[in-house]
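Examining the three-dimensional arrangement
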Number of protein chains: 2
Amino acid sequence: MEEAVQRLLAGDRRTLSRLITLLEKGDLQAAGVLKSIDQHTGRAHVIGVTGPSGAGKSTIVDRLTDLARSQGQTVAIVGVDPTSPFSGGALLGDRIRMQRHYLDSGVFIRSVASRGQAGGLPRIVKAVIRLLDASGSDVILVETVGVGQSELAISDVADTVLLALVPESGDAIQALKAGVMEIADIFLVNKADRNGATQMAATVTGAMQLAPGQPDWVPPVLLTAAHSSQGIQDLWDKIQEHRDYLTSASLLAQRRAQRRRMEFLETVEDEMARRFREHVKRDPALITALTEVAEGKAEPFSAALRLLDSRRTQADWLTPLSTGPD
Amino acid sequence: MEEAVQRLLAGDRRTLSRLITLLEKGDLQAAGVLKSIDQHTGRAHVIGVTGPSGAGKSTIVDRLTDLARSQGQTVAIVGVDPTSPFSGGALLGDRIRMQRHYLDSGVFIRSVASRGQAGGLPRIVKAVIRLLDASGSDVILVETVGVGQSELAISDVADTVLLALVPESGDAIQALKAGVMEIADIFLVNKADRNGATQMAATVTGAMQLAPGQPDWVPPVLLTAAHSSQGIQDLWDKIQEHRDYLTSASLLAQRRAQRRRMEFLETVEDEMARRFREHVKRDPALITALTEVAEGKAEPFSAALRLLDSRRTQADWLTPLSTGPD
């Protein structure tokens, strides 16, 4: 894989694609590559774009890409596939984007699917971002589709989180209730040419004053109309301002350290589960336990705990630490 | 807990509430109770109601509850809290329902939240259903809010799955694309008083003929207007018909065995992850590993795999079975 690492660091897009596919497949060769490139990461600015469906996230990502490209920066776009049966918009947006930027070698576009993982961000997104970073992308735009927990999870991967809302929906109130406003570094009221935009911006601004917020960064509330590029330059300036703030306050390093910790923990958990599922197919004792559960001879929940406890001496971190009532 | 088990089996609602809370907290005492009541389960008919938001699922659940109650059956309603920052409708619907059925001791209503779990159905839903079953509920209605993977996960817990759609949205096409139609045992085109209802029903019926489907059950497509109770009696009859079909074809037992298997596997995985997270807080070697990852001395993904491999001899199911390239 050493050759692949060299090609990746040189910015080779086919190698990049191939490595992302390895990650998606859960191929353990990818771990070696990630290890080799780790020291070459940390340069890219990771910008998360989230919000409910219909807020114009794809268009915002598109306009930011144009702007970054006009300044000579390279851009990677990661679309997080929603895998919701009732929101199929992401793929379409992706195809349109693909067409626009197809001939521009300074733009790399990739969708990452959840593959059987329920909601949230696919866990490999963090690793994909590091591959993109090492391959020389200046700006990495991560777009999540507004379903499930992905809106909240975006703050686990992005340096700067943009939350896009639209005037007519009740999004602001919903977002307030659910605490999603706390993850936004910059608010956009997109489609600001519609009725109610300034009023909504005022509502959000008012709500911000009640929120705890970050010590020295009051999330700005911007009005944009991404379709006509209105407000996009201001947005871009604010994004740079936020990056400068993070760097000067040492918060960038803190956020990234926390992100690395999370990735480590999640990878252990994923891999434990994956290995367990493999063993279940072949280990006679596990097959017996599963059959007893299916046939009603054992109760699923308590049988699962019993199994873990029987292995207590073999894997100390499987020992429960809190067993009594709280 | 023996006393609690007896009270639960006698249908005591306060005990039921308290036990569900124990499950939500991850309290291991709940395992003992689940074990004791296991032989008293299997009588209830579990009906899942899913579909996009705005399809009128809460009203359908409400009308089915009225109908079951008028026949003297007891009903439990489990609302699965979406935990999506952008869909806060569930709680409101719950409150309205609560008011309507507050004085009826034959209706038990409970929302189950996902608590940090990303999307899908909260894993404890399966255990909650068994508690409700043992406590004597004749009908258990599980309503999921249309976000993330919960639409697909409903087939892991329900005997009969109702998929509610509404005429005007593009739901039918989305559902077709995403394969969610395959989980439906009964289709509803709700709000059938609106334009396009019969056309949509025809589209769904046509699509069904292309789908693989179940051997002897062609999912019927019903028109309902739940607000005015139109079509609810027909729906109820179809639900009974489906239950009879499942029983006569021995499919009910098969579905339930599969459900028990899944619950066992998921509980092992959840509990492994939970125990690991607890140990991470205290185990000096794990704390060191985490610090190295955070500080950039170790790369998260490969460090996670290395950790698991170092424990290989201690827990055999943590051994990877497929390590090479595929």
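Now for a quick tour of the structure. (Residues numbered from 1 in each chain as written. Chains lettered and ligands numbered in written order. Predicted model: local features only at pLDDT ≥ 70, side-chain atom pairs only at ≥ 80, totals over all residues. Heavy atoms only, no water.)

**As for the side chain of Thr-59 of chain B**
All names here are of chain B.
- Among the secondary structure elements, Thr-59 is positioned in helix 4 (residues 57-70).
- Under the relative-accessibility criterion, Thr-59 is labelled buried at 16%.
- The residues contacting Thr-59, other than those within four sequence positions of it, are Ala-226 and His-227. (Helix = DSSP H or I, 4+ residues; strand = E, 2+ residues; numbered from the N terminus. Buried < 20%, exposed > 50% of the residue type's maximum accessible area, 1.4 Å probe, protein only. Contact = heavy atoms within 4.5 Å.)

**A word on the packing of helix 2 (residues 13-25) of chain A against helix 6 (residues 125-134) of chain A**
Residues and elements named next belong to chain A.
- Contact geometry of helix 2 with helix 6 gives a least axis separation of 10 Å together with a crossing angle of 165°. Classified by the interaxial angle, the pair formed by helix 2 and helix 6 is roughly antiparallel. Handedness of the helix 2/helix 6 crossing: right-handed. Touching Leu-16, Leu-19, Ile-20 and Leu-23 of helix 2 are Ala-127, Val-128, Leu-131 and Leu-132, all from helix 6.
- A breakdown of the residues in the contact of helix 2 with helix 6 according to their chemical character gives eight nonpolar, no polar and no charged. (Axes fitted to C-alpha atoms, helices over the stretch in contact; angles between N-to-C directions. Parallel < 35°, antiparallel > 145°, perpendicular 65-115°, else oblique. Left-handed = near helix turned anticlockwise from the far one by under 90°. Nonpolar A, V, L, I, M, F, W, Y, C, P; charged D, E, K, R; others polar.)

**A few points about the packing of helix 6 (residues 125-134) of chain B against helix 11 (residues 251-280) of chain B**
Residue and element names in this part refer to chain B.
- Interaxial distance between helix 6 and helix 11 falls to 10 Å at its minimum, and their mutual angle equals 130°. Judged on the interaxial angle alone, helix 11 and helix 6 are oblique. Of the residues in helix 11, those in contact with Lys-126, Ala-127 and Arg-130 of helix 6 are Arg-259, Arg-260, Met-262, Glu-263 and Glu-266.
- For the contact of helix 6 with helix 11, a count of residues per class yields two nonpolar, no polar and six charged.

**Some remarks on the sheet that holds strand 4 (residues 139-144) of chain B**
Residue and element names in this part refer to chain B.
- Taken together, seven strands build an open sheet; the order of strands is 3-2-4-1-5-6-7 and the sheet is parallel. What marks the edges here is a single partner per strand, and that holds for strand 3 (107-112) and strand 7 (221-223). Looking at each pair of strands side by side, their axes are set apart by 20° on average, direction ignored.
- Judged from the four bridges that link them, strand 1 (residues 45-50) and strand 5 (residues 160-165) form a sheet pairing that is parallel. Note on strand 5: the bridge partner recorded for Ile-47 is Thr-160.
- Packed onto the sheet, helix 4 meets strand 1, strand 2 (75-80), strand 3, strand 4, strand 5 and strand 6 (186-189) and runs at close to 175° relative to strand 4. (Pairing = 2+ DSSP bridges.)

**Thoughts on the pattern of salt bridges**
Residues and elements named next belong to chain A.
- Counted by the stated rule, this structure contains 30 salt bridges over all chains.
- Across the pair Asp-159 and Arg-259 runs a salt bridge, and its minimum N-O distance is 2.6 Å. Of this pair, Asp-159 sits in the loop between helix 7 (150-153) and strand 5 (160-165) while Arg-259 sits in helix 11 (residues 251-282), and the two are 100 residues apart along the sequence. Arg-259 shares its class with Asp-159; the two are buried. (Salt bridge = Lys/Arg side-chain N within 4 Å of Asp/Glu carboxyl O.)

**So, helix 10 (residues 232-248) of chain B**
- Along its 17 residues, helix 10 of chain B runs 24 Å from first to last C-alpha, staying within 8% of the 24 Å computed at 1.5 Å per residue.
- Directly after helix 10 of chain B, the chain includes Ser-250 of chain B, whose backbone phi takes a positive value near 60°. (Expected span 1.5 Å × (residues − 1).)

**Quick look at the environment of Thr-203 of chain B**
- Along the polypeptide, Thr-203 of chain B turns up in helix 9 (residues 197-210).
- Residues Thr-203 of chain B and Val-221 of chain B, 18 residues apart in the sequence, show an inter-C-alpha distance of 10.0 Å.

**Some words on the sheet that holds strand 2 (residues 75-80) of chain A**
Residues and elements named next belong to chain A.
- Across the sheet, seven strands lie side by side as 3-2-4-1-5-6-7; this open sheet has parallel pairing. Each edge of the open sheet carries a strand with a single partner, namely strand 3 (107-112) and strand 7 (221-223). Across the sheet, the mean angle from the axis of one strand to that of its neighbour is 20°, orientation sign disregarded.
- Pairing analysis gives five bridges linking strand 1 (residues 45-50) to strand 4 (residues 139-144), with the strands arranged parallel. Within strand 4, the position partnered with Ile-47 by the bridge is Leu-141.

**Section: the environment of Arg-7 of chain A**
All names here are of chain A.
- Assignment of secondary structure puts Arg-7 in helix 1 (residues 2-9).
- The class for Arg-7 is partly exposed, based on a relative accessible area of 32%.
- Contact partners of Arg-7, with chain neighbours within four places excluded, come to Asp-12, Thr-15 and Arg-18.
- Of note is the side chain of Arg-7, whose polar atom sits 3.1 Å from the side chain of Thr-15. (Polar contact = N/O pair within 3.5 Å; in protein donor to acceptor, adjacent residues only side chain to side chain.)

**Quick look at the packing of aromatic side chains**
Residues and elements named next belong to chain A.
- Applying the stated criterion to the full structure yields two aromatic pairs over all chains.
- Ring geometry for Trp-217 against Tyr-245: centres 5.4 Å apart, planes inclined by 25°, an arrangement best described as stacked. Remark: Tyr-245 occurs in helix 10 (residues 232-248) and Trp-217 occurs in the loop between helix 9 (197-210) and strand 7; sequence separation between them is 28 residues. (Phe/Tyr/Trp six-rings, centres within 6.5 Å; stacked < 30°, edge-to-face > 60°.)

**Concerning the pairing of strand 4 of chain A**
- Of all six residues making up strand 4 of chain A, six are buried, and the element is well covered by its neighbours.
- Of the two faces of strand 4 of chain A, both are covered, the one formed by Val-139, Leu-141 and Glu-143 of chain A as well as the one formed by Ile-140, Val-142 and Thr-144 of chain A.

**A short note on the pairing of strand 1 of chain B**
- The buried fraction of strand 1 of chain B amounts to six of the six residues, a majority that puts the element mostly inside the structure.
- Burial along strand 1 of chain B is two-sided: the residues His-45, Ile-47 and Val-49 of chain B and Val-46, Gly-48 and Thr-50 of chain B are all buried.

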